[in-house]
Amino acid sequence: MTSRLLMPVRSRGTAPAGVPEPAADPTPGSTRATAILDHGHPLVAALAARAARGGRTDRDRLRAAHRLIVAGVRPVYSVEDRRRASRTLRLGRGSCSQRMAVLEAVARSLGIPTRVRGLLVDGSFWYPRFPRLRPFVPAEVLLAWPEFRLDGGWVPIAGLFDHAGPSREGGFANTGAETLFEAVARTGVDWDAPPACDGTSGACDLSAHLRTDLGRFTSRDELFGRYGQTLCRPARTLAEPVLGRWSAGAA
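Residues numbered from 1 in each chain as written. Predicted model: local features only at pLDDT ≥ 70, side-chain atom pairs only at ≥ 80, totals over all residues. Heavy atoms only, no water.

Asker: Go over the overall build of the protein chain with me, naming the residues and quoting the values.
Answerer: Scanning the protein chain for helices and strands turns up seven helices and six strands. The order of α-helices and β-strands along the protein chain, N terminus first, is α-α-β-α-β-α-β-β-β-α-β-α-α. Buried positions account for 51% of the 251 residues belonging to the protein chain. Sequence separation of 24 or more characterises 73% of the internal contacts of the protein chain that already satisfy a separation of 6 or more. Accessible surface computed for the protein chain: about 11600 Å², of which carbon and sulfur atoms make up 55%. (Helix = DSSP H or I, 4+ residues; strand = E, 2+ residues; numbered from the N terminus. Buried < 20%, exposed > 50% of the residue type's maximum accessible area, 1.4 Å probe, protein only. Contact = heavy atoms within 4.5 Å. Areas by Shrake-Rupley, 256 points an atom, 1.4 Å probe, with all protein chains shown as cover.)

Here it is, written out as structure tokens:
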């Protein structure tokens with residue numbers, strides 16, 4: 001059982017049907033700084049400079065940035081999706097959403113356009129992480145899934161890594177210390193593919209957990225500005241002091 005009591009009023013009700021990207025007018029990306037993707041901040045710029053030394057291609061540099069974020073930003077369950085990338089770096093901890101925002105900010109700092117795909121994911125996807133708190137898990141979680149402009153096309157975050165062969169450790173189970181942010185480097189994560197999240201394929205299909213595809217947005221700022229965050233403000237205010245320090249995988 002999941003809860004809608006902690007969600008914003010505008011998130012309740014029926015969400016719009018999946019919005020396919022128009023073939024003639026795709027959602028543009030951008031390299032501009034935003035309130036969340038504040039890549040002009042010295043902390044973000046310094047991380048981008050380190051990532052720039054990680055390879056010759058933009059893909060190599062983004063992989064290097066991902067490794068640096070994994071190593072330097074502790075995974076927690078923070079619920080403030082609109083937190084500035086620079087603040088996440090300063091705190092040294094962040095949720096999947098916040099660390100993805102840091103990666104996007106670094107990409108834009110390196111001149112790589114980014115955009116996000118808005119996904120409403122069933123709250124039950126997070127049951128393995130909160131087995132005793134299921135009644136408080138939101139009915140659906142708004143996820144900003146990053147995409148990067150590479151080699152003339154849009155590449156989702158999981159596509160930055162090679163997953164040609166089977167994943168030795170299996171697919172992503174959404175439990176333990178590994179979060180989605182780490183998992184994309186180890187195993188494929190796909191919100192559209194046919195079922196394959198059985199440990200025998202390089203792809204990890206999560207489409208069964210996807211309630212609604214909200215389409216693409218030029219920035220996560222635009223997505224959250226339109227649909228709000230997963231939790232309402234009072235719920236975020238109460239939850240953040242605890243969840244914002246609660247390490248992923250901790251008992």
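After presenting the structure, the write-up continues.
Asker: Help me get a handle on unusual backbone geometry, residues and values and all.
Answerer: You will see that Asp151, though not glycine, has its phi angle at about 55°, which is positive. Position of Asp151 relative to the elements: it lies in the loop between strand S4 (140-150) and strand S5 (153-156). Asp151 gets classed as exposed once you look at its relative accessible area, which sits at 78%. The backbone of Asn174 sits at a positive phi, close to 55°, despite the residue not being glycine. Take Asn174: it is sitting in the loop between S5 and helix H5 (180-183). Under the relative-accessibility criterion, Asn174 is labelled buried at 3%.

Asker: Residues and numbers for the packing of aromatic side chains, please.
Answerer: Summed over all chains, the structure comprises eight aromatic pairs. Centre to centre, the rings of Phe125 and Trp126 are 4.8 Å apart; their planes meet at 85°, and the pair counts as edge-to-face. The same class applies to Phe125 and to Trp126, which are both buried. Pairwise contacts between aromatic rings join Phe125, Trp126, Trp145, Phe172 and Trp191 into one cluster. (Phe/Tyr/Trp six-rings, centres within 6.5 Å; stacked < 30°, edge-to-face > 60°.)

Asker: Can you break down the nonpolar core residue by residue, with the values?
Answerer: In globular proteins that are soluble, nonpolar side chains generally tend to be buried together. Counting 64 residues, the largest nonpolar core has Trp145, Leu180 and Trp191 as the members making the most contacts within it. Ignoring sequence-local partners within four residues, the contact set of Leu180 consists of Cys96, Met100, Phe125, Leu143, Trp145, Phe172, Val189, Trp191 and Leu206. (Core = buried A, V, L, I, M, F, W, Y, C linked by side-chain atoms within 4.5 Å.)

Fair warning: the whole summary comes from geometry, so function is off the table for now.
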